[in-house]
Amino acid sequence: MSVKETKNWLESKDVEVLVALENEILLGVGILYAHKEGEVTIFVAKPNQGVASKLLDAIKKRGRARKFSHLWAWIADENEASKNVFSKNGFIFLRDETKTVHDVAHQGAIFQYGLTMQKIEHTKEHYGIRDEALNFPMMIVLSFSYVCNALCPNCPYTNSTIRADYKDAKYMSEAIFKKIADEAGKFGAWLRISGGGEPLMHPQFLELMRYAKEKGCKLGIINNGSLMSIDKAKALFEMGVEMLEFSVDASTEHDYDIVRKGLSFEKLVSQLQAAYALRNEMGAKTKIIASAINQQGIDVDAVEQFWQPYVDQFQKRKYLTWGINDPQNSADETPYLPPEEKIPCPFIFERLNIDSRGQVMVCGYDIAAHTNMGNITEKSIQEIWHAEAFDFYRQKHLARKGDEIAMCKECPDWKYRSWHHNYWKLVENAEKTKNKTLHVKG
């Protein structure tokens, strides 16, 4: 379009153009297309200068002044820079779309920012939300290692390319882990050492666990048992780790070879039994649990019966898809949260998920990190926890409109969340059993 045609177009449409200048140099332009129900476009001369964020702040003010309910932007899939800018500024991914430009189909995503949503307070009286999570997440789930020594068929990382996508950050760096531990320790929050692989394969595993305990964090370590030597177990007991979680998944060598491909059942039995005996001998405070996924081909009751004598608590896990696995592999599809009631998902109110790069995802379902709620190298965890991006999700769920968010609507695992049959209940029950065991021994 010519300059004259552009002027005529602007005069004929309800469009607001915001310009960022410095010493007469054009730094960027933000456009609010009011006639397109609040669509937003941003152009900047140089990225990573903060110009786009300032333009978006100005556009938000104009949107509020004009009493729009929301703003939105369509971003092409290949435009990662724009996706990051909009995500960092509180715009939430809603859905995928296909746009046709000059007869060429382009895939893209819709990002939306709510301006006038009525606030709903979340308290202990609403869905059991705990006071401990109001200021800071009760639990931070860390993708501590994307390296694993097993090829479990029920694992979404086995069935996807996610680990390959993290080849630049196979392990969480010391700097990122310590920043998380520094912040979490002040609140006595749990660090759940989990993620895309076997955490004990991290070359600084014991060193970083010790650092977190010294800072005041509670630690729950999920492991497959293959690397839990007696020396490692003793070190963890001595530093006061709260919970060791062994993913066992089978009660016979035959079944174990299938569901825990690449690992030794004999070694697992030996090392878990030794760790449990040592814990009792030391009188350590560490709780020990075993878990099994309730999946097709496995008698989960037999698994529980086999392992119960060697742990404080046994957990039957639902078979989760993570958006990757086949839900038909579940042996128990009974929901904890009836889907038709749209009860809020507890994950967005209690826990935070951080990958090895420091990026925060909206919840554990998004293990591929499609959502970006911020990066802890740029913002504090507390800032991210209280940011508009999380508030958007929480308000939608509290209003029983979580299914209006595309990712939540499509999440087949939402129904397996629970406000009652959860991690905190598991901790409580394991603590009671451990205390009885140690008391009897004493």
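The name an unreviewed UniProt entry gives the protein is Radical SAM protein, with Sulfurospirillum halorespirans DSM 13726 as the organism.

What follows is about the pattern of salt bridges. Counted according to the given criterion, the structure contains 24 salt bridges. Notably, a salt bridge pairs R64 with E388, separated by 3.8 Å at the nearest N-O pair. Taken together, the residues R64 in helix α2 (residues 51-65) and E388 in helix α13 (residues 388-398) connect sequence positions 324 residues apart. Here E245 and R317 are joined by a salt bridge, their closest N and O atoms 3.6 Å apart. Of the two residues, E245 sits in strand β10 (residues 243-247) while R317 sits in strand β12 (residues 313-317), which places them 72 residues apart along the sequence. A residue is classified by how much of its surface remains accessible, and E245, at 1% relative accessible area, is buried.

Moving on to the packing of aromatic side chains. In the structure shown here, the tally under the stated rule is 15 aromatic pairs. Aromatic pair F144 and F205: ring centres 6.4 Å apart, planes at 70°, arrangement edge-to-face. Of this pair, F144 sits in the loop between β7 (139-143) and α4 (162-165) while F205 is found in helix α6 (residues 205-214), placing the two residues 61 residues apart along the sequence. Pair check on accessibility: F144 and F205 agree, each one buried. Arranged with centres 5.9 Å apart and planes meeting at 45°, the rings of F349 and W419 form a pair that is tilted. Here W419 lies in the loop between α14 (406-409) and α15 (423-441) and F349 lies in helix α11 (residues 347-350), a separation of 70 residues in the sequence.

This part is about the packing of α6 against helix α7 (residues 230-239). Between α6 and α7, whose axes approach to 10 Å, the crossing angle comes to 10°. Here α6 is positioned roughly parallel relative to α7, judged by the angle of their axes. Counted together, F205, L206, M209, R210 and K213 of α6 and K232, A235, L236 and M239 of α7 form the full contact between these two elements. Within the contact of α6 with α7, the residues separate by chemical class into six nonpolar, no polar and three charged.

Taken as a whole and assessed by the stated rule, the structure comprises two cavities of 30 Å³ or more. By volume, the largest cavity is sized at about 110 Å³. Around the largest cavity, the lining is made up of 13 residues, and of these C345, C363, H397, C408 and C411 lie nearest the centre. Secondary structure elements with two or more residues in the lining of the largest cavity: α11, α13 and α14. Residue composition of the lining of the largest cavity, grouped by class: eleven nonpolar, one polar and one charged. The computed volume of the second largest cavity comes to approximately 70 Å³. In terms of lining, the second largest cavity is formed by S87, F91, I92, F93, F111, H370, T371, N372, M373 and Y393.

About the thresholds
Residues numbered from 1 in each chain as written. Predicted model: local features only at pLDDT ≥ 70, side-chain atom pairs only at ≥ 80, totals over all residues. Heavy atoms only, no water. Salt bridge = Lys/Arg side-chain N within 4 Å of Asp/Glu carboxyl O. Helix = DSSP H or I, 4+ residues; strand = E, 2+ residues; numbered from the N terminus. Buried < 20%, exposed > 50% of the residue type's maximum accessible area, 1.4 Å probe, protein only. Phe/Tyr/Trp six-rings, centres within 6.5 Å; stacked < 30°, edge-to-face > 60°. Axes fitted to C-alpha atoms, helices over the stretch in contact; angles between N-to-C directions. Parallel < 35°, antiparallel > 145°, perpendicular 65-115°, else oblique. Contact = heavy atoms within 4.5 Å. Nonpolar A, V, L, I, M, F, W, Y, C, P; charged D, E, K, R; others polar. 1 Å grid on protein atoms, 1.4 Å probe; cavity = no way out; pocket = protein on both sides within 12 Å on 5 of 7 lines; lining within 4 Å. Points joined across faces, edges and corners; volume = space filled by probe spheres on them.

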